[in-house]
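Coordinate inspection notes
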Amino acid sequence: MLLILFGTVVAFVALVYIFLTWEFGFWEKYGVKGPKPKILLGNIPYLLTKKRHTVYNYDQLYIKAMAHLMDEVCEHMTDYLRTQAKSSDGVATLDAKEVMAKYTTDVVASCIFAIDAQSFVKENPEIRLMGKRIMNFNFVVQLALLVTTFFPSDAIRYRKENKINRTDFLDHLLQLQDRKQITDIDIAGHGVSFFADGFETSSIVLTYCLYDLAKYPTIQQELRDEIAKAKQAGGGTMLYEQLGEMALLEQIICESMRIHPLMAVMAKRCTADTTLVGPKDRKIFVKKGTTVVLPYYSICFDAEHFADPYKYDPKRFAAENGGSKAYRERGVYFPFGDGPRMCLGMRFAVTQVRRAIVEVVERFSISVSSKTIEPFEMDPDQFMLMPKGSIWLDFKPIA
Ligand code: HEM
């Protein structure tokens, strides 16, 4: 009897162990290291704490500490726009996507490796050129090139040899290196990935936000008033905290990301047999391993979820309507993806986008240039959804 009881307990423990660790070896098989399942607890502790990959687990404090690096780049951007305007009868007509890519390139380069990419100063800045090449379709080759030729050893060696203390992503990685045995190559890889993920997406979102504001001057002015109030509350400066408390700014970003999705579709791989239940209780069986394509573009313009979907209306994201949370919870708004593979740079991205919009709208009156081809026709040569001929805006300094 005792033997049977003992055998049952052992079998039960073994089953629980297999159950808790079974699925989690998936990435390991492909050589991607993840959290090690704990005996008897599997990966449940990580699920409960929602711990992300340790490399991207930098918190709000890190982003706050990096905010002044964004301020510096904003100063360079303003100088650049003013100089351009001065040399063209007081109004700078520029490819907004290129200006915003210069901004995000400089912010991301500064926040990762303390490199001043000088995109607003140099004629052909190297890092901006590399960024352009990365976004070419020959992605892997370019990424390898960037890792091996530029970033890794120089910045890491310089930082270590000179004992420099600077709160940025490289500092975060170097601290992890001591604690988690991360190699220099790992650091370089994560740094380059941060760079590639960080500049293109945000620059496109920024371009669309500015385009919408240029189209709707009344909303542009309302935002300018909100910025003035926020600065007043911060004693004359735009503090990091104030950036996150501007309701209209938030609504504008959400609406631009809805009305101009960066990708037409998103894909998710199903990791376990599942039955999806649709309208009228229609059931769809999805077999493990199937790639499910989410028609994100169509969802964004579905009148069932967004009233008058082709209308630009930031107020649909107002707090009294439930904010973006209401749409996210219904699963119809996910510009940063969703689930365990959701965008890891979301907080950083939102901060750099907010900061640039504030800078431009406070200091420039913006309107759509006649060089912009409307209505938009998407450019098939671009990795993300951007119109042919790009988006050109007129930037007029506000005295
Ligand atoms: C406004 C700008 C951005 C947008 C709209 C955006 C959007 C997205 C989306 C839609 C995904 C796929 C998520 C999914 O499949 O569920 C993603 C993944 C990712 N993003 Fe972003 N992103 C932005 C900025 C950034 C920045 C600045 C970084 C890094 C600093 C970053 C790092 C990543 C990474 C590492 C992943 C892969 C996550 C994983 O596979 O676990 N993103 N992003």
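Read on for a plain summary of the structure. Please read these numbers as outputs of a predicted model, since none were measured by experiment.

Further remarks concern the packing of aromatic side chains. Under the counting rule described, the total for this entry stands at 10 aromatic pairs. Ring plane angle 20° and centroid distance 4.8 Å describe the contact between Phe 301 and Tyr 310, whose orientation is recorded as stacked. Of note, Arg 258 hangs over the ring of Phe 306, and the distance from its end group to the ring centre comes to 5.2 Å. Lying over the aromatic face of Trp 392, Lys 371 brings its terminal NZ or CZ to 3.7 Å of the ring centre.

Take the site of the ligand next. Around the ligand, the surrounding shell holds 22 residues, and the nearest of these are Lys 268, Gly 337, Asp 338, Arg 341 and Cys 343. Within the side chain of Lys 268, one N or O atom sits 2.5 Å away from an oxygen atom of the ligand. In this structure, Asp 338 approaches the ligand through a main-chain N or O atom, which is 3.1 Å from an oxygen atom. Listed by contribution, the elements that provide at least two residues to the shell around the ligand are α10 (184-215), β2 (266-269) and α16 (346-363).

This paragraph deals with the layout of surface pockets. Here the second largest pocket is characterised by a volume of approximately 380 Å³. Around the second largest pocket, the lining comprises 17 residues; the ones closest to its centre are Tyr 211, Ile 259, His 260, Phe 301 and Phe 376. For the lining of the second largest pocket, the leading source of residues is α10, giving 4 residues. Split by residue class, the lining of the second largest pocket holds 13 nonpolar, 1 polar and 3 charged.

Our focus in this paragraph is the packing of helix α11 (residues 217-233) against helix α13 (residues 247-259). Orientation of α11 relative to α13, taken along the N-to-C sense of each, is 140°, at an axis distance of 9 Å. Here α11 lies oblique to α13, going by the angle between them. When α11 is examined against α13, the residues Ile 219, Glu 222, Leu 223 and Glu 226 are found in contact with a partner set consisting of Ala 247, Leu 248, Leu 249 and Ile 252. Broken down by class, the residue content of the contact of α11 with α13 amounts to 6 nonpolar, no polar and 2 charged.

A few words now on the side chain of Ser 256. Along the polypeptide, Ser 256 turns up in helix α13. A polar contact of 2.7 Å, which involves the side chain of Ser 256, links it to the side chain of Asp 212.

Okay, the packing of α11 against α16 next. Their axes nearest at 9 Å, the elements α11 and α16 cross at an angle of 105°. Of the possible angle classes, the one that applies to α11 and α16 is roughly perpendicular. Across from Gln 220, Leu 223, Arg 224, Ile 227 and Lys 231 in α11, the residues of α16 making contact are Ile 357, Val 358, Val 361, Glu 362 and Arg 363. Here the residues of the contact of α11 with α16 are counted per class, giving 5 nonpolar, 1 polar and 4 charged.

Counting along an α-helix, one turn takes 3.6 residues, and residues three or four places apart therefore face a common direction. In this model, α11 (17 residues) spans 24 Å end to end at C-alpha, consistent with the 24 Å of a helix rising 1.5 Å per residue. Residues of α11 that are buried: Ile 219, Gln 220, Leu 223, Arg 224, Glu 226, Ile 227, Ala 230 and Lys 231. When α11 is viewed along its axis, its buried side chains cluster within an angular range of 165° and face the same direction. Residues of α11 that are exposed and point over 90 degrees away from its buried face: Thr 218, Lys 229, Gln 232 and Ala 233.

Turning next to the pattern of salt bridges. Per the stated rule, a full pass over the model turns up 13 salt bridges. The shortest N-O distance in the salt bridge between Glu 241 and Lys 64 comes to 2.5 Å. Here Lys 64 lies in helix α4 (residues 60-86) and Glu 241 lies in helix α12 (residues 240-243), a separation of 177 residues in the sequence. Judged by its relative accessible area of 36%, Glu 241 falls in the partly exposed class. A residue is classified by how much of its surface remains accessible, and Lys 64, at 39% relative accessible area, is partly exposed. Among the salt bridges present, the one from Lys 97 reaches Glu 200, with a minimum N-O distance of 3.5 Å. With Lys 97 in helix α5 (residues 96-113) and Glu 200 in helix α10, the pair connects residues that are 103 residues apart, well separated along the chain. Like Glu 200, Lys 97 is buried. Among the charged side chains, a network of salt bridges with common partners joins Asp 71, Lys 231, Arg 355, Glu 359, Glu 362 and Arg 363.

On the surface, Leu 2, Leu 5, Val 9, Phe 12 and Val 13 cluster together to form a nonpolar patch covering roughly 520 Å² of accessible area. Tracing the chain through its elements places Leu 5 in helix α1 (residues 2-21).

A few words on the pairing of strand β3 (residues 274-277). Note: β3 against strand β4 (residues 283-286), 4 bridges, orientation antiparallel. In the strand pairing of β4, Leu 276 is matched with Ile 284. Two successive antiparallel strands, β3 and β4, enclose a turn made up of 5 residues, where Lys 280 displays a positive phi of approximately 55°.

Before going further, it helps to spend a moment on the sheet that holds strand β7 (residues 392-397). Ordered by their spatial adjacency, 3 strands build an open sheet running β1-β7-β6, and the pairing between neighbours is antiparallel. Both edges of this open sheet fall to β1 (92-95) and β6 (364-368), since each of them pairs with a single strand only. Strand-to-strand, the axes of this sheet are offset by a mean angle of 30°, without reference to chain direction.

Calculation criteria
The residue count restarts for each chain, going from 1 along the sequence in the order it is written. Since the coordinates come from a predicted model, pLDDT governs what is reported: local features require at least 70, and pairs of side-chain atoms require 80 or more to be given and counted, while whole-chain, interface and lining totals use all residues. Remark: hydrogens and water are excluded; side-chain values derive from all non-hydrogen atoms of the structure. Between rings of Phe, Tyr and Trp, where Trp is taken as its six-membered ring, a pair exists when centres lie within 6.5 Å; planes separated by under 30 degrees are stacked, by over 60 edge-to-face, and by other angles tilted. We call a charge positioned above a ring when the Lys NZ or Arg CZ atom is no farther than 6 Å from the ring centre and deviates by at most 35 degrees from the ring normal. The criterion for a residue being near a molecule or strand is simple. One of its heavy atoms has to lie within 4 Å of it. Under the rule applied, a polar contact is a pair of N or O atoms within 3.5 Å (in protein, one hydrogen donor and one hydrogen acceptor; residues adjacent in sequence only if both atoms are side-chain atoms). Only runs of H or I of at least four residues qualify as helices and only runs of E of at least two qualify as strands under DSSP, and these elements are numbered from the N terminus. Grid points spaced at 1 Å over the protein atoms alone were grouped into cavities, where a 1.4 Å probe fits but cannot get out, and pockets, open sets with protein on both sides within 12 Å along at least five of seven lines, with lining residues defined by an atom within 4 Å of a point. Grid points are joined across faces, edges and corners, and a volume is the space filled by probe spheres set on the points. Gly is placed with the polar residues, together with every amino acid not listed as nonpolar (Ala, Val, Leu, Ile, Met, Phe, Trp, Tyr, Cys and Pro) or charged (Asp, Glu, Lys and Arg). The axes used here are C-alpha line fits, helices contributing only the stretch in contact, and every angle between their N-to-C directions lies in the interval 0 to 180 degrees. Put simply, angles under 35 degrees are roughly parallel, angles over 145 are roughly antiparallel, angles from 65 to 115 are roughly perpendicular, and the rest are oblique. Every residue pair with non-hydrogen atoms within 4.5 Å of one another is taken to be in contact. Helix span, as expected, comes to 1.5 Å for every residue beyond the first. Only protein chains enter the accessibility calculation, which uses a 1.4 Å probe; a residue is then buried when its area is under 20% of its type maximum, exposed when over 50%, and partly exposed in between. Working definition: the arc comes from the directions between the helix axis and the C-beta atoms, pointing outward to the latter. Salt bridges are defined by distance alone: a side-chain nitrogen of Lys or Arg within 4 Å of a carboxyl oxygen of Asp or Glu. Each patch is built from residues that are more than 30% exposed by relative accessible area and take part in no salt bridge. Like charges join if they lie within 9 Å; nonpolar side chains (Val, Leu, Ile, Met, Phe, Trp, Tyr) join within 5 Å. All accessible-area figures derive from a Shrake-Rupley calculation using a 1.4 Å probe, and residue coverage is judged against the displayed protein chains alone. Should DSSP find at least two bridges between two strands, the strands are regarded as paired.

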